[in-house]
Amino acid sequence: MDSLTLQVLSAVQRWSEQGHRLALVTVARTWGSSPRPPGAWLAIRDDGVLQGSVSGGCVEDDLVERMRAGQMEQAQPFILRYGVSREDALRFGLPCGGTLELVVEPRPDIAQLMLFGRRMLAGELILRTVDVAAGGVRYDTGRRGDAVQWLDGRLTTVHGPRWRLILIGAGQVSRYLAEMALALDYEVVVCEPREAYRREWRLAGAVLRGDMPDDAVLSLAPDPNTAIVALTHDPKLDDMALLEALKSAAFYVGALGSHSNAAQRRARLQEHFDISDEEIARLHGPVGLPIGSRTPPEIAVAILAELTAVKNGGAPGRQSGRSGATPAIHEPSTW
């Protein structure tokens, strides 16, 4: 639920209620290496207290000095650039000669920001556009796939549940994985048709559904910003979800289980269902990076690490199903 944005908004509300003046700063563009991506933002109040970040720290120090010196008191948004020269890049901690372009809002509309926060808490995906030339800020409904844009003096940032994680099963691993995914700003949906498991689910922020896994996956219409992980250990449930997940546009599909169970699952899906070699190759199983995970939270870490690597376009460390791969999770042979 865009937790970093909500942290900034929470600070903005507190500071405003305490009578502080504040400014918002957003990364608009970077060249070369940069510690924070476009769209990252921070709030800075009149005494230099910060929430959020736009760099590794040195740029923040300069912003604090500017705020305390009264250099952020104009009415209109403006642009700051750091690291234009190699000397400046080194001074402000931007590696490899990187350059950072920031949009500063010295007098943000607090009421608008609070409404913006309430809309995000309600699950909306929102585009926030700052027009530097005109000085206005606009809020529009976004869609998955929208990206940060910096064009003709207008900076549009994306806030809300841009990424979605569908979990099949509401067991212990699901609970830890859901908690971690929420912290990484995923919208989390848990499908659990077994009433005994649903009764014990206690996690605010994750949507719990009781329909069958294949129906849930179909109705959720997975897109390229969706990941699906089957965690029930029950082939009747996991396989149903995987049948639809592997044919969907989801960027990541995984299933919990040992190497032997993963091999049996692949054979079962191809023997009894219309699953192609290309589709079965998309399945990450055993799910997660091979870090020797044993406990539910360790298993959740391994899964989320692999999922993050795939989402960010990096190599997840192994190809699922490759013979001789190191197990990601050490599991009892009965699983």
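Here the structure is shown first, and the text comes after it.
Residues numbered from 1 in each chain as written. Predicted model: local features only at pLDDT ≥ 70, side-chain atom pairs only at ≥ 80, totals over all residues. Heavy atoms only, no water.

Caption draft 1: Molecular detail of helix α9 (residues 259-272). Compared with the 20 Å implied by 1.5 Å per residue over 14 residues, the 20 Å span of α9 between its first and last C-alpha is a close match. Within the span of α9, buried status applies to N261, A262, R265, R266 and L269. The buried residues of α9 occupy an angular sector of 140° when the element is viewed end-on, so they sit on one face. Opposite its buried face, α9 presents the exposed residues E271 and H272, each directed more than 90 degrees away. For α9, the elements touching its buried residues are α8 (235-245), β14 (252-255), α10 (277-280) and β15 (283-284). (Helix = DSSP H or I, 4+ residues; strand = E, 2+ residues; numbered from the N terminus. Expected span 1.5 Å × (residues − 1). Buried < 20%, exposed > 50% of the residue type's maximum accessible area, 1.4 Å probe, protein only. Arc of directions from axis to C-beta. Contact = heavy atoms within 4.5 Å.)

Caption draft 2: Looking closely at the sheet that holds strand β7 (residues 137-141). The 4 strands lie next to each other as β7-β6-β9-β8, forming an open sheet whose pairing is antiparallel. Taken across any chain shown, the strands that pair with only one partner, and hence form the sheet edges, are β7 and β8 (149-151). Geometrically, the sheet is characterised by an average inter-axis angle of 15° between neighbouring strands, direction not taken into account. In terms of strand pairing, β8 meets strand β9 (residues 154-159) through 3 bridges, oriented antiparallel. Bridging from a neighbouring strand, W150 pairs with L155 of β9. (Pairing = 2+ DSSP bridges. Axes fitted to C-alpha atoms, helices over the stretch in contact; angles between N-to-C directions.)

Caption draft 3: Broad picture of the sheet that holds strand β2 (residues 41-45). Across the sheet, 5 strands lie side by side as β3-β2-β1-β5-β4; this open sheet has antiparallel pairing. Two strands close off the open sheet at either side, each with one partner strand: β3 (50-52) and β4 (78-82). Within this sheet the neighbouring strands show an average axis-to-axis angle of 25°, counted without direction. Sheet topology note: the strand β1 (residues 22-31)/strand β5 (residues 99-105) ladder contains 7 bridges and is antiparallel. Within β5, the residue paired with W31 across the bridge is T99.

Caption draft 4: Molecular detail of the packing of aromatic side chains. Counting across every chain of the model gives 3 aromatic pairs. Ring centres of F116 and Y139 lie 5.1 Å apart, and the angle between their planes is 45°; on these two criteria the pair is classed as tilted. One end of the pair, F116, is in helix α4 (residues 110-121); the other, Y139, is in strand β7, with 23 residues separating them in the sequence. For the pair formed by F116 and Y139, the shared burial category is buried. Here the aromatic rings of W163 and F251 are separated by 5.4 Å at their centres, their planes lie at 80°, and the arrangement is edge-to-face. (Phe/Tyr/Trp six-rings, centres within 6.5 Å; stacked < 30°, edge-to-face > 60°.)

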